[in-house]
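If you want the building blocks of each chain, they are given just below.
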Amino acid sequence: MSAEPRINDRIRVPEVRLVGPSGEQVGIVPLAKALELAQEYDLDLVEVAANARPPVCKLMDYGKFKYESAMKAREARKNQAHTVIKEMKLRPKIDPHDYDTKKGHVVRFLKQGDKVKITIMFRGREQSRPELGFRLLQRLASDVEDLGFIESNPKQDGRNMIMVLGPHKKKTEAMAEAREAQAARKADAKANPGRSQNSAEGEEPSEAPAEAPAEANAEA
């Protein structure tokens, strides 16, 4: 069945409860009278409550109504927050440089409002030293405590130890801040085109890609 409401001559009932273009209640009128009023106002007669007795119809610009509804739905999807869990894998004896790189990814994920699953991978004799993984997870949680919290405490899962970090900032807040920052950059570039161009010509881009791998397999 179509989700589109019946409009104008597609409405097949003897009478309707009519609502005016400004939301005023006109009352129960014959269908022919409602269609006549729609023609006078240069509007459409739209059935808005088909199951009512009699059905409720409203006078409106149906094309404009559909367009505005589509724009609202698009904006709602744009602002919709999807729960995302990124994953970062580390070894218990990770190199300091690799640790800093991994921590940088975790920081970025948390700033974006995403959860992060941290996995410590044990191999060989490392499996007999679970405290190494536990201390590493505690260190990481402490290093990013301003951005996230331990949502799931470290636990052993076969050869791995897993911990989940949750962001302090909601996804919707992170998305709104990102849009505001982007708008501010555009406004600054428009207000200072020369400075932006000189900056672009005189400096090499140093910004990391917008989307880093959600999963990394660094080994010590």
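Residues numbered from 1 in each chain as written. Predicted model: local features only at pLDDT ≥ 70, side-chain atom pairs only at ≥ 80, totals over all residues. Heavy atoms only, no water.

Engineer: Can you tell me about the sheet that holds strand β8 (residues 160-167), naming the residues and giving the values?
Structural biologist: The strands making up a sheet are joined through hydrogen bonds of the backbone, oriented either antiparallel or parallel. On the basis of which strands lie adjacent, the open sheet formed by four strands has the order β5-β6-β8-β7 and mixed pairing. Two strands close off the open sheet at either side, each with one partner strand: β5 (85-90) and β7 (148-157). Neighbour-to-neighbour, the strand axes of the sheet open up by a mean angle of 20°, direction not taken into account. Across seven bridges, β7 lies against β8 in antiparallel orientation. Looking at the pairing, S152 lines up with V164 of β8. Against the sheet, helix α3 (residues 96-111) contacts β5, β6 (115-121), β7 and β8, and its axis sits at roughly 170° relative to β5. Strands β5, β6, β7 and β8 of the sheet are contacted by helix α4 (residues 130-143), whose axis makes an angle of about 10° with β8. (Pairing = 2+ DSSP bridges. Helix = DSSP H or I, 4+ residues; strand = E, 2+ residues; numbered from the N terminus. Axes fitted to C-alpha atoms, helices over the stretch in contact; angles between N-to-C directions. Contact = heavy atoms within 4.5 Å.)

Engineer: An account of the pattern of salt bridges is requested, with residue identities and associated values reported.
Structural biologist: Here the structure, examined in full by the defined rule, presents five salt bridges. R91 serves as the salt-bridge partner of E126, at 2.7 Å between the closest nitrogen and oxygen. With E126 in the loop between β6 and α4 and R91 in the loop between β5 and α3, this residue pair connects regions lying 35 residues apart in the sequence. Taking the relative accessible area as the measure of exposure, R91 reaches 8% and is therefore buried. (Salt bridge = Lys/Arg side-chain N within 4 Å of Asp/Glu carboxyl O. Buried < 20%, exposed > 50% of the residue type's maximum accessible area, 1.4 Å probe, protein only.)

Engineer: Outline the environment of D44, supporting the account with residue identities and numerical values.
Structural biologist: Turning to its location among the elements, D44 is positioned in strand β3 (residues 44-49). For the pair D44 and L59, spaced 15 residues apart in sequence, the C-alpha separation works out to 5.6 Å. In contact with D44, not counting residues within four places along its chain, are N8, A38, K58, L59, M60, D61, Y62 and G63. Looking at D44, its side chain comes within polar contact range of the side chain of N8, at 3.1 Å. (Polar contact = N/O pair within 3.5 Å; in protein donor to acceptor, adjacent residues only side chain to side chain.)

Engineer: Give a description of unusual backbone geometry that names residues and reports values.
Structural biologist: The general pattern is negative phi for most residues beyond glycine and trans for most peptide bonds. The amide bond that connects R53 to the next residue, P54, takes the cis arrangement and shows omega of -5°. For P54, the position within the fold is in the loop between β3 and β4 (56-60). Here N8, not a glycine, exhibits a phi torsion of approximately 50°, which is positive. At D42, a position not held by glycine, the phi torsion is positive, near 60°. Here D42 is to be found in the loop between α1 (31-41) and β3.

Engineer: How would you sum up the sheet that holds strand β2 (residues 25-30)? Please name residues and give values.
Structural biologist: Taken together, four strands build an open sheet; the order of strands is β2-β1-β4-β3 and the sheet is mixed. At either margin of the open sheet sits one strand with a lone partner, and together these are β2 and β3. Taking each pair of neighbouring strands and ignoring which way they run, the sheet shows an average axis angle of 35°. Where α1 meets the sheet, its contacts fall on β1 (15-19), β2, β3 and β4, and the angle it forms with β2 comes to roughly 125°.

Function cannot be inferred from these measures alone, as they are strictly geometric.
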